Amino acid sequence: MTIPPMTIQPPPPRPRRRVKPLTVLIAIVIVLICLLVATDRIGERVAEDQVGSRLQAKLGTPEQPTVEIAQIPFLTQILAQRFGEVRIAADQVPVKAKTATADLDRLDIALHQVTVSDQQLNAGTVDGTAFVDYASLSTLGGADVSYVSDGKITIDFTAPVGGQTVSGTLTGRPVLVDGQLSLVEPQLRVGGVDLPQTLVENLLPSLLRTFALPPLPFDLTLTSITASDDGMTFGLAGRDIAVSR
């Protein structure tokens with residue numbers, strides 16, 4: 001008996017999957033969005049770097065300040081020439097008092113309601129902080145300043161009082177009164193003797209009048225003072241501030 005040869009049939013070809021037009025469209029949209037986001041981020045970084053470079057020249061800092069455009073997207077804001085918020089951080093900002101020059105160790109400010117003109121940023125409002133160590137404060141103020149504890153400082157002063165030059169030490173917690181430095185719970189020691197509180201309160205304004213607070217860039221004003229063991233932090237504010245680009 002003869003067995004017929006077996007014939008092996010190849011498997012049928014698989015049907016080719018057709019790419020749906022909607023899938024292609026979605027992929028194209030995703031790619032375009034990624035390109036727009038990348039372009040937005042690159043443009044933002046370039047603008048931040050340009051502003052930081054010009055701020056370094058204006059402020060005289062050894063390192064370029066950090067600039068951050070806080071809100072996104074960047075491209076729509078630059079087209080409108082309006083930004084919701086721009087943050088600036090700078091280290092070692094040189095400032096000059098009447099007879100001395102020293103550094104603000106750290107300056108952090110936020111510019112709000114920012115518009116852009118040809119050569120400057122114009123901010124509707126500005127807020128932030130400046131940190132200054134005691135060595136720089138002593139240089140700018142013209143008197144030795146040091147930290148005690150519990151937010152209190154001492155100021156070693158020499159000042160004219162009643163036609164005489166008096167040297168002593170003031171101790172208290174620093175505050176701002178009408179934009180000028182004052183002390184809460186002040187104590188005054190002259191010649192190793194603690195003076196009566198009533199006398200201290202009367203002498204305090206004249207003794208502190210000669211102590212200069214650090215001048216501020218961009219015509220900012222002081223809003224608060226906080227003392228810590230390594231220096232003092234000043235609250236800052238301003239309105240209608242122009243910052244050269």
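Residues numbered from 1 in each chain as written. Predicted model: local features only at pLDDT ≥ 70, side-chain atom pairs only at ≥ 80, totals over all residues. Heavy atoms only, no water.

**Concerning the pairing of strand β8 (residues 180–190)**
Sheet analysis places strand β7 (residues 164–177) next to β8, joined by eight bridges and oriented antiparallel. Residue pairing in the sheet places Thr171 in a bridge with Gln187 of β8. Where β7 hands over to β8, the hairpin turn is made up of two residues, of which Asp178 adopts a positive phi near 55°. Counting the residues that bridge the hairpin from β8 to strand β9 (residues 193–194) gives two residues, and of these Gly191 lies at a positive phi of roughly 60°. (Pairing = 2+ DSSP bridges. Helix = DSSP H or I, 4+ residues; strand = E, 2+ residues; numbered from the N terminus.)

**A word on the pattern of salt bridges**
Inspection of every chain in the model, using the stated rule, returns six salt bridges. Note that Arg87 and Glu68 form a salt bridge whose closest N and O atoms lie 3.5 Å from each other. Of this pair, Arg87 sits in strand β2 (residues 82–96) while Glu68 sits in strand β1 (residues 66–69); the two residues are 19 residues apart in sequence, bridging distant segments of the chain. With relative accessibility at 36%, the residue Glu68 sits in the partly exposed group. Between Asp194 and Arg189 there is a salt bridge; the shortest N-O distance is 2.9 Å. For Asp194, a relative accessible area of 49% corresponds to the partly exposed category. Taken together, the shared-partner salt bridges connect Glu68, Glu85 and Arg87 into one network. (Salt bridge = Lys/Arg side-chain N within 4 Å of Asp/Glu carboxyl O. Buried < 20%, exposed > 50% of the residue type's maximum accessible area, 1.4 Å probe, protein only.)

**Some thoughts on unusual backbone geometry**
The phi angle at Asp150 is positive, at roughly 55°, despite the residue not being glycine. Residue placement: Asp150 occurs in the loop between β5 (144–147) and β6 (153–161). At Glu185, a position not held by glycine, the phi torsion is positive, near 55°. By secondary structure assignment, the location of Glu185 is in strand β8.

**Structural notes on the environment of Ala89**
Looking at the element boundaries, Ala89 is found in strand β2. As for Ala89 and Arg106, which are separated by 17 residues in sequence, their C-alpha atoms are 7.4 Å apart. For Ala89, the contacting residues outside a window of four places in its chain are Pro65, Thr66, Arg106, Leu107 and Asp108. (Contact = heavy atoms within 4.5 Å.)

**Some remarks on helix α3 (residues 134–141)**
Counted residue by residue, α3 has six buried out of eight residues, so it is predominantly covered. All of the buried residues in α3 are Tyr134, Ser136, Leu137, Ser138, Leu140 and Gly141. Note on α3: the residue one or two positions beyond its end, Gly142, has a positive phi of about 75°.

**Observations concerning the environment of Tyr147**
Within the element layout of this structure, Tyr147 appears in strand β5. Note on Tyr147: relative accessible area 27%, which makes it partly exposed. Measuring from C-alpha to C-alpha, the distance between Tyr147 and Asp229 comes to 5.6 Å, with 82 residues separating the pair along the chain. Within the local environment of Tyr147, its side chain forms a polar contact with the backbone nitrogen of Asp150, the two atoms lying 3.3 Å apart. Among the polar contacts made by the side chain of Tyr147, one reaches the main-chain amide nitrogen of Gly151 at a distance of 2.9 Å. (Polar contact = N/O pair within 3.5 Å; in protein donor to acceptor, adjacent residues only side chain to side chain.)

**Details of the nonpolar core**
With 55 residues, the main nonpolar core has Ile109, Leu111, Ile155, Leu170, Phe234 and Leu236 as its most contacted residues. Not counting residues within four places of it along the chain, the set of residues in contact with Phe234 comprises Gly128, Thr129, Ala130, Val132, Leu137, Leu213, Pro214, Leu222, Ser224 and Ile225. (Core = buried A, V, L, I, M, F, W, Y, C linked by side-chain atoms within 4.5 Å.)

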